[in-house]
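Examination of the molecular architecture
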Amino acid sequence: MIASQCAKVWALKLAAIDLQPLAQKYAQGRGLIWLDSSSNIQRLGRYSYLCIDPVELIPAAANMDDLRFALGRYSAGHINQGPPFQGGLVGFFDYEFSELNSASASKSCNQSSANCHFRLYDTIIAVDHHADFTWIISSGFKCGAYEPCRHTAQANINAVRRDIRNLPSPATPTVSLVWRNQISKATYLKAVNDILDFIRAGDIYQANFAQTFVANLPHSTDPFQIYLSIRKSNPAPFSAYGSFGERSIACTSPERLITVNDGGMVEARPIKGTTARSDDPEEDQQLKDKLLKSKKDRAENIMIVDLLRNDLSKVCEPHSVEVSELCILESYAGLHQLTSSVRGQLGDEHDAFNLLSAVFPGGSVTGAPKCRSMEIIDHLEQNSRRAFCGSFGYFGFDGAADFNIMIRTIQFDGDRARLDVGSGITSLSNPNEEYSETLLKAQKILCSTEEAIV
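Residues numbered from 1 in each chain as written. Predicted model: local features only at pLDDT ≥ 70, side-chain atom pairs only at ≥ 80, totals over all residues. Heavy atoms only, no water.

All right, on to the packing of helix 6 (residues 223-233) against helix 11 (residues 431-448) then. Following both chains from N to C, one finds helix 6 and helix 11 inclined at 130 degrees, their axes separated by 8 Å at the closest point. Viewed along their axes, helix 6 and helix 11 adopt a mutual orientation that is oblique. Of the two possible hands of crossing, helix 6 and helix 11 adopt the one that is right-handed. For the pair helix 6 and helix 11, the contacting residues are Ser229, Ile230 and Ser233 in the first and Lys444, Ile445 and Ser448 in the second. In terms of residue class, the contact of helix 6 with helix 11 is made up of two nonpolar, three polar and one charged. (Axes fitted to C-alpha atoms, helices over the stretch in contact; angles between N-to-C directions. Helix = DSSP H or I, 4+ residues; strand = E, 2+ residues; numbered from the N terminus. Parallel < 35°, antiparallel > 145°, perpendicular 65-115°, else oblique. Left-handed = near helix turned anticlockwise from the far one by under 90°. Contact = heavy atoms within 4.5 Å. Nonpolar A, V, L, I, M, F, W, Y, C, P; charged D, E, K, R; others polar.)

Attention now moves to the nonpolar core. Counting residues in hydrophobic clusters, the biggest one holds 47 residues, and the most contacted among them are Leu67, Leu89, Phe93, Phe118, Leu355 and Phe395. Here this core takes six residues from helix 9 (residues 352-359), the largest share from any one element. The residues touching Leu89, leaving out its near neighbours within four places in the chain, are Ile58, Leu67, Leu71, Phe118, Arg119, Leu120, Phe353, Gly393, Tyr394 and Phe395. Within the second largest apolar cluster, 41 residues are counted, among which are Leu50, Ile157, Ile226 and Leu419. (Core = buried A, V, L, I, M, F, W, Y, C linked by side-chain atoms within 4.5 Å. Buried < 20%, exposed > 50% of the residue type's maximum accessible area, 1.4 Å probe, protein only.)

With respect to the helices and strands, the residue Cys316 is situated in the loop between helix 8 (295-313) and strand 17 (322-332). The spacing of Cys316 and Leu89 is 227 residues in sequence and 23 Å in space, taken between C-alpha atoms.

Its place among the elements puts Glu437 in helix 11. Taking the C-alpha atoms as reference, Glu437 lies 7.6 Å from Thr275; in sequence the two are 162 residues apart. Contacts of Glu437, omitting those with residues within four sequence positions, involve Thr274 and Ser423.

A contiguous nonpolar patch, built from Ile302, Val323 and Leu326 and spanning about 200 Å² of accessible area, is present on the exposed surface. Residue placement: Val323 occurs in strand 17. A relative accessible area of 34% places Val323 in the partly exposed class. (Patch = residues over 30% accessible without salt bridge, like charges linked within 9 Å, V, L, I, M, F, W, Y side chains within 5 Å. Areas by Shrake-Rupley, 256 points an atom, 1.4 Å probe, with all protein chains shown as cover. Salt bridge = Lys/Arg side-chain N within 4 Å of Asp/Glu carboxyl O.)

In short, the description is geometric, and any link to function would need to be established separately.
So this is what it looks like as structure tokens:
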């Protein structure tokens, strides 16, 4: 058993385990959230976390100040050389959540303000995929008690260890859904042409427009089983699964919105620019080269990099914001994409909550300028996005945070599943090519559930 220097958090360090069967065991009745680095991109997907038995549920109408207050009540320690996340608030923001300078879409105003879905977790199972270690961590917090308890922490850790010794066989999910487009191709193309008109009129430089696929869930369908299917077909470094009452989220996102460590170092990693992959090595290299040389895709990426530089400058130290990587190529299941990295040093007067307020929602899923792009998206898209293009992640007890952008995400609400896919529209966009790009992004997820699109 390892304890922090201030004896406020305890942990057990074991050999690495496969988290899937343990997540399968905890998927029902334990308040499971799985922050799942299911891809093999080492520099982005080092850690995965199972969070179980939440200590506190945060009201869905909470704002950033409410989250800051809830987290700040707990007196937690930190294990040096341990995983970056050792407990705190875990959950997601819907796209319609807004703070400070974020635009408030009219459709969100017609709903309740319940767009903040977080719980406070004390018991964490973390796997270090690089060093091949598993950490079981707990501070022993109890509901309404904000001081750590060694006895409770050790009981939590020992219970998880017993579960690891008696793991079920990994699930082999078989899921069959019938998906259908919610809008016609003609409607999609008209919306893209409308955006091009806004661009030509000087309203915006870029907007991200999405279409939606929906499916009815057969009786007793388990969203967790569908998540196991899509994480296998579309592994990604910022995947996540969680169930929140009638709503469940199955996300296989390759995109990080923002991360900040306990020393205040900030990084955003916007993705803009997409092409297909090929099983033929020579053809695949040609596709890579074409994407890297694409004026349209590079312009799309660079616009969002500039937007993020502006967003980060609101909360980072003067002159600390820099572009450390610009339009580098990353490869995922079925896709090559262009990714950039923007970094900065968080100002002393700001914290992770200020940071999220400054950048949310991510510019890569809105456009530029952000507020006007969001107004146009709200006008043209037929539904509120909800979890799509929101962010899933954590605020740690130590001040660190890490959040994705929820693309490649299935939302489950009652007896219906929904998948949204979008693309960035610029002055160089071809509407038919943009439509094909959305189908390409959806393909791996739809195919994993044996889809039929009608």
